[in-house]
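A structural walkthrough
Here are the chains, one letter per residue:
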Amino acid sequence: MTIIFDGLAAGMLLFLISVGLSVTLGLMNFVNLAHGAFAMLGGYTCALLLSRLGVPFLLAAPAAAATAALAGIILERTLYRRLYAATHLDQVLFSIGLIFMSISTAHYFFGATQQAFVLPDFLKGQINLPGLDVGIYRLFLIVVGLILAVGLQWMVSHTRFGAELRAAVDNPRAARGLGINVDRVFTLAFALGSGLAGLGGALGIEMLGLDPGFPVKYIVYFLIVVAVGGSGNIKGSLLASLMLGLFDVAGKYYLPQVGAFVIYAVMVVMLIVRPQGLFGRAAAK
Amino acid sequence: MTPVLQTRNLSKRFGGFFASKDVSLSIEPGARHALIGPNGAGKTTLINLLTGFLEPSAGEVFLKGEDVTRLAQHQRVKRGLVRTFQINRLFAEMTVLESVTLSVCERLGLGWNWWRPVGDHTAAIDEAAELLATLRLLDVAHTQTRSLAYGRQRMIEIALALAAKPQVLLLDEPAAGVPTDESRELFETIAQLPREVTIVLIEHDMDLVFRFAERISVLVGGALLTEDLPEVIARDRRVREVYLGEALDG
Amino acid sequence: MTPVKLDLSPLRRAAAWHWAEYAFWLLPLVAYFVFPKNLALLSQIAITALFCLSLDLILGYAGIVSLGHAAFFGLGAYAAGLMAKYGWGDPLLGLAGAALAAAAAGFLTSFLVLRGADLTRLMVTLGVSMMLYEAANKLTDFTGGVDGLQGVDIQPVLGMFSFDLYGKTAYWYSVAVLFLMFWVARRLVHSPFGLSLRGIRQNVGRMPAIGAPVNARLVAAYTIGAAYAGVAGALLTQTTQFVSLDVMAFSRSAELLLILVLGGTGSLYGALIGTMVFMAAHHFLSDINPQYWQFWLGAALVLIVLFARDGIMGLLRKLSAPARTPS
Ligand SMILES: Nc1ncnc2c1ncn2[C@@H]1O[C@H](COP(=O)(O)OP(=O)(O)OP(=O)(O)O)[C@@H](O)[C@H]1O
Ligand SMILES: [Mg+2]
């Protein structure tokens, strides 16, 4: 039971970070391998605010999201935008370049070690139920994740921004014709994705750790979420993340020798058998 | 005489929409056959089905009496069924001579030869050069395809197909977008092809169609409306209604 | 047959060696005398150049994108290492074994890789390489896991030249293998088969319509590329007498892509020159500070993608535009 619970918490975290990639890769069709770099930025921002400035955690985490979103806006305006029409290979190379730069920058400022991270008191500890140890922080993660998932789903399907985003992605030219400011919509979507990554990075220090290698270490996990969840599909991303979290945690407990192998295998099989994702729309474009 | 190319109840469905519906067509060896019909009638789709570019939802395709419905595109090409594309599909970064040599090499079965340089396969190169000469493309033989004018590119679209030595050649609007004088030259070239080559032509310009074709099939809404001699088609009321109308009156 | 009045020599002699190529291949000789103390680095360059060449075959010629090419490098490295460990220490035998192992893996995975478009290919190749990495990581009895494979005992090359402390044998051995394999690759890309690969990359939709079996060609190209990578991996094992787990790491695949793009794809020499420039820069710059090096590397990659997509070869081609350049 505890394993299931921990798996769900890990999955929620994964969801927080990768749902942004599901927007950029899935909806905007940009292979942004540097997605993890935004999460890392959020992580370091949060860690710094906590340890150096003594900002309370509940403020530091949103601030981390805001920082990552701001970085996203700046980079989208200056660089990413130029490559929307480029080949996937170019996008990959470009984002690998960004990964390298982010890793070495993190190294330069913070060194190679894991960041120390102390949870605020009210999130520490456990609730012990019969047969289930509920870590309070994990419970907190699950709740935050659920709230965000519902909020995002609502935003995409019920707000003007959501409608504009879908229109802009489906057919940018037609959307422009309808008077939608496509550039602005893309920038905002990108900022949203990076902001969420930043938030996930901040909330994830406790479970995933934080060191300069972060953007590379979890890249495959993010990609799996998108591959399995189906592109641009919030519900799909959520389910895929939860499954992956469960798999990962349970795998480490019960089958440590098989480990991540199974997860990679699942991704490859998914890509071959159901390229549109487990929860994707049946008809690919 | 067995038809060189034949279809039986060929259909293609996209979702609930029939782009080809129950097409049964029969083309004699050496024919000069035109396929006409309004935009979206399913002409290109039919060619896609014939060549294996698309898989039919139902029906069969026979080439020289052989059922080729399940064969891959390149296998049909090997059996002499070759097409051109309505929208150019060329090798942008190759020179004209290189692209045509590539096509010749594939026909000669040299495509797996990985040791001798292309330059040593003189027979293939000579044949490619000769083809360029017949098509009056020699002056651009060493020019990169992408830097040619559209009319010339359209000619290379045909050259690539001819290099495959087709027995049945399916031309999908070969002169689309080509200036008139160049398009006349292009059609002269087509008209001069030997009788061993059966030709199926899709074309919107009715003057050209009636000058070239000895038989005409009319497609409407994916289905075959009628097929007959040009003079019969010209008089057919239904054809006039759906398609020719003004073109003939005017 | 009417004689055609056309100078066919540009195509007839397209595969002839250009003087610049002869000059290029003098470099290994020159380097041996100019940098006698850096033979280990020079061997590494030759090995990485071969590895990069293998990626150029599949990406630059066949147009298959891959984020996991290190999988084959690693397979070759382990294959040669294990063979040597269990008594088959003859280097050439090791190369052959590595080539076979990598080719088999390339052949089998090619069917997965061919199914999708670029994005799927990127992710499938990445996934496959991560699977192999995990397998190597976990099969500690076999591979030594993170500690690496120890006890790799390599016999003298051709029974005559044993691997010496100064790395002389290692250097000439690596250079010789690189040159031979380059020579074969050069024949291959100039052959009708190579031409058909270029055709596939430039317009995959047209190839079946001129009678070319596209998938079979791609399977062949991918398999050959994998075999080349395997040989490169085996060379690394044999010249260092050790296999570390990071032969299969993602960063190796990513770095390789970078090197190739830096040099320029689709010319073979781009792979070689890119490797030389990259490794030399790495050697001198990362001595100063490894983090700076990585930062500027990333920056260079971003700039190349944005402004100089044809890499060093593209620049060279532009500079020597009027003269004929080696292709
Ligand atoms: N891949 C596809 N998916 C969905 N619909 C398609 C597809 N290909 C063709 N169609 C539809 O099938 C119909 C027939 O198209 P087709 O291209 O065969 O027409 P056509 O007769 O060649 O027209 P044109 O003269 O404009 O070239 C059109 O309505 C087209 O939109
Ligand atoms: Mg058409």
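Keep in mind it's a predicted model, so treat the numbers as computed, not measured.

1. Points about the overall build of chain B
The helix and strand inventory of chain B stands at 9 helices and 11 strands. Its C-alpha atoms give chain B a radius of gyration of 18 Å, near enough to 18 Å, the size a compact globule of 250 residues would have. Overall size of chain B, expressed as C-alpha extent along the three principal axes, is 55 × 40 × 35 Å. When the 250 residues of chain B are sorted by exposure, 55% land in the buried category. Put simply, of all contacts in chain B between residues at least 6 apart along the chain, 65% involve residues at least 24 apart. Surface summary for chain B: the accessible area is close to 10700 Å², and the carbon and sulfur share equals 50%. Distance between charge centres in chain B, computed from 28 positive and 33 negative side chains, equals 5 Å.

2. Some details on the sheet that holds strand E4 (residues 32–36) of chain B
Residue and element names in this part refer to chain B. Strand order across the open sheet formed by 6 strands is E7-E8-E9-E4-E10-E11, with mixed pairing between neighbours. Pairing within the sheet leaves two strands with one partner each, and these edge strands are strand E7 (81–83) and strand E11 (223–228). If you compare each strand with its neighbour and ignore which way they point, the axes differ by 20° on average. Relative to strand E9 (residues 198–202), E4 is paired through 4 bridges, and the arrangement is parallel.

3. What about the packing of aromatic side chains?
All chains considered together, the criterion is met by 37 aromatic pairs over all chains. Relative to Phe140(A), the ring of Phe57(A) lies with its centre 6.4 Å away and its plane at 55°, an arrangement referred to as tilted. Separated by 83 residues along the polypeptide, Phe57(A) in helix H3 (residues 57–78) and Phe140(A) in helix H5 (residues 136–158) bring together distant segments of the chain. A residue is classified by how much of its surface remains accessible, and Phe57(A), at 3% relative accessible area, is buried. An angle of 80° between the planes, with centres 5.4 Å apart, marks the rings of Tyr84(A) and Phe186(A) as edge-to-face. Of the two residues, Tyr84(A) is situated in the loop between H3 and helix H4 (88–110) and Phe186(A) in helix H8 (residues 182–208); the sequence distance between them amounts to 102 residues. In textbook terms, an aromatic cluster arises when at least three aromatic residues are bridged by ring pairs, as seen for Phe30(A), Phe38(A), Tyr80(A), Tyr84(A), Phe94(A), Phe186(A) and Phe190(A). Against the face of Phe53(B) rests Arg83(B), its NZ or CZ located 5.4 Å from the ring centre. The aromatic ring of Trp115(B) is capped on one face by Arg187(C), whose charged end is 4.5 Å from the ring centroid.

4. Things to note about the interface of chain B and chain C
Across the contact, 42 residues belong to chain B and 38 residues belong to chain C. Taking both sides of the interface into account, the surface hidden between chain B and chain C amounts to around 3700 Å²; carbon and sulfur atoms contribute 65%. The interface formed by chain B and chain C includes 5 salt bridges. Note that Glu98(B) and Arg198(C) form a salt bridge whose closest N and O atoms lie 3.3 Å from each other. Applying the counting rule to chain B against chain C returns 15 residue pairs in polar contact (both at pLDDT 80 or more). Elements represented by at least two residues in the side of chain B that touches chain C include exactly helix H2 (73–78), E7, helix H3 (96–107), helix H4 (122–134) and helix H5 (150–163) of chain B. It is H3(B) that contributes the most residues to the side of chain B that touches chain C, 7 residues altogether. Class assignment of the residues belonging to the side of chain B that touches chain C gives a composition of 22 nonpolar, 10 polar and 10 charged.

5. A short note on the arrangement of the chains
Most contacts, compared over the 2 pairs of chains touching, are made between chains B and C. You won't find any contact between chain A and chain B; their C-alpha atoms come no closer than 10 Å.

6. Description of the interface of chain A and chain C
Between chain A and chain C, the residue contacts involve 38 residues of the former and 37 residues of the latter. Here chain A meets chain C over a buried area of about 3400 Å², counting both sides, of which 83% is carbon and sulfur. For the interface between chain A and chain C, the tally reads 1 salt bridge. Summed over the shared surface of chain A and chain C, the number is 2 residue pairs in polar contact (both at pLDDT 80 or more). For the side of chain A that touches chain C, the secondary structure elements donating two or more residues are H4, helix H10 (219–229) and helix H12 (260–273) of chain A.

7. Some details on the pattern of salt bridges
All names here are of chain B. Tallying each qualifying case throughout the model produces 25 salt bridges over all chains. Notably, a salt bridge pairs Arg 79 with Glu 66, separated by 3.0 Å at the nearest N-O pair. With Arg 79 in the loop between H2 and E7 and Glu 66 in strand E6 (residues 66–67), this residue pair connects regions lying 13 residues apart in the sequence. A relative accessible area of 33% places Glu 66 in the partly exposed class.

8. Details of the packing of H12(A) against helix H6 (residues 118–138) of chain C
At a closest axis distance of 9 Å, the pairing of H12(A) and H6(C) adopts a crossing angle of 155°. Overall, the two elements H12(A) and H6(C) adopt an arrangement that is roughly antiparallel. Two packed elements cross with a definite hand, and for H12(A) against H6(C) that hand is left-handed. Across from Ala260(A), Phe261(A), Tyr264(A), Ala265(A), Met267(A), Val268(A), Leu271(A) and Ile272(A) in H12(A), the residues of H6(C) making contact are Thr120(C), Met123(C), Val124(C), Gly127(C), Val128(C), Met130(C), Met131(C), Glu134(C) and Ala135(C). For the contact of H12(A) with H6(C), a count of residues per class yields 14 nonpolar, 2 polar and 1 charged.

9. A closer look at the coordination of the magnesium ion (ligand 2)
Each protein donor to the magnesium ion (ligand 2) is listed here as Thr44(B) (OG1) and Gln86(B) (OE1); together their distances run 1.9 to 2.1 Å. In this pair, Thr44(B) is assigned in helix H1 (residues 43–51) and Gln86(B) in the loop between E7 and H3, connecting sequence segments 42 residues apart.

10. Quick look at the site of ligand 1
Residue and element names in this part refer to chain B. Around ligand 1 lies a shell of 13 residues, among which Asn 39, Gly 40, Lys 43, Thr 44 and Thr 45 are the nearest. Here an oxygen atom of ligand 1 and a side-chain polar atom of Asn 39 are 2.8 Å apart. Between ligand 1 and His 204, the relevant distance is 2.9 Å, taken from an oxygen atom to a side-chain nitrogen or oxygen of the residue. Here ligand 1 has 630 Å² of accessible area as a free molecule, and 62% of this is covered by the chains. Counting residues per element, the ones that place at least two in the shell around ligand 1 are strand E2 (17–23) and H1. Top contributing element to the shell around ligand 1 by residue count: H1, with 3 residues.

11. Digging into the side chain of Asn48(B)
All names here are of chain B. Within the secondary structure, Asn 48 is located in helix H1. Residue class for Asn 48 comes out buried when judged on its relative accessible area of 10%. The contact partners of Asn 48, leaving out residues within four places of it in the chain, are Phe 53, Leu 54 and Arg 83.

12. Re unusual backbone geometry
All names here are of chain B. For Asn 9, which is not glycine, the phi dihedral falls at a positive 45°. Along the polypeptide, Asn 9 turns up in strand E1 (residues 5–14). We note that Arg 136 has phi near 55°; this positive angle belongs to a residue other than glycine. Positionally, Arg 136 belongs in the loop between H4 and H5. Residue Arg 136 is classed as partly exposed on the basis of its relative accessible area, which comes to 45%.

13. Topic: the packing of H3(A) against H8(A)
Geometry of a packed helix pair, given as the angle between the helix axes and the separation of the axes. Residue and element names in this part refer to chain A. Between H3 and H8, the shortest axis-to-axis distance is 7 Å and the interhelical angle comes to 145°. Of the two possible hands of crossing, H3 and H8 adopt the one that is right-handed. Counted together, Phe 57, Ala 61, Pro 62, Ala 64, Ala 65, Ala 68, Ala 69, Gly 72, Ile 73, Glu 76 and Arg 77 of H3 and Arg 184, Phe 186, Thr 187, Phe 190, Ala 191, Ser 194, Gly 195, Gly 198, Leu 199, Ala 202 and Leu 203 of H8 form the full contact between these two elements. For the contact of H3 with H8, the class distribution of residues is 14 nonpolar, 5 polar and 3 charged.

Rules used throughout
Residues numbered from 1 in each chain as written. Chains lettered and ligands numbered in written order. Predicted model: local features only at pLDDT ≥ 70, side-chain atom pairs only at ≥ 80, totals over all residues. Heavy atoms only, no water. Helix = DSSP H or I, 4+ residues; strand = E, 2+ residues; numbered from the N terminus. Rg over C-alpha atoms; globule rule 2.2 N^0.38 Å. Buried < 20%, exposed > 50% of the residue type's maximum accessible area, 1.4 Å probe, protein only. Contact = heavy atoms within 4.5 Å. Areas by Shrake-Rupley, 256 points an atom, 1.4 Å probe, with all protein chains shown as cover. Lys, Arg positive; Asp, Glu negative; His and termini not counted. Charge placed at Lys NZ, Arg CZ, Asp CG, Glu CD. Pairing = 2+ DSSP bridges. Axes fitted to C-alpha atoms, helices over the stretch in contact; angles between N-to-C directions. Phe/Tyr/Trp six-rings, centres within 6.5 Å; stacked < 30°, edge-to-face > 60°. Lys NZ or Arg CZ within 6 Å of the ring centre and 35° of its normal. Buried area = accessible area lost by both parts, 1.4 Å probe. Salt bridge = Lys/Arg side-chain N within 4 Å of Asp/Glu carboxyl O. Polar contact = N/O pair within 3.5 Å; in protein donor to acceptor, adjacent residues only side chain to side chain. Nonpolar A, V, L, I, M, F, W, Y, C, P; charged D, E, K, R; others polar. Parallel < 35°, antiparallel > 145°, perpendicular 65-115°, else oblique. Left-handed = near helix turned anticlockwise from the far one by under 90°. Donors = N, O, S within 2.8 Å, 3.2 Å for Na, K, Ca; no water. Near = heavy atom within 4 Å.

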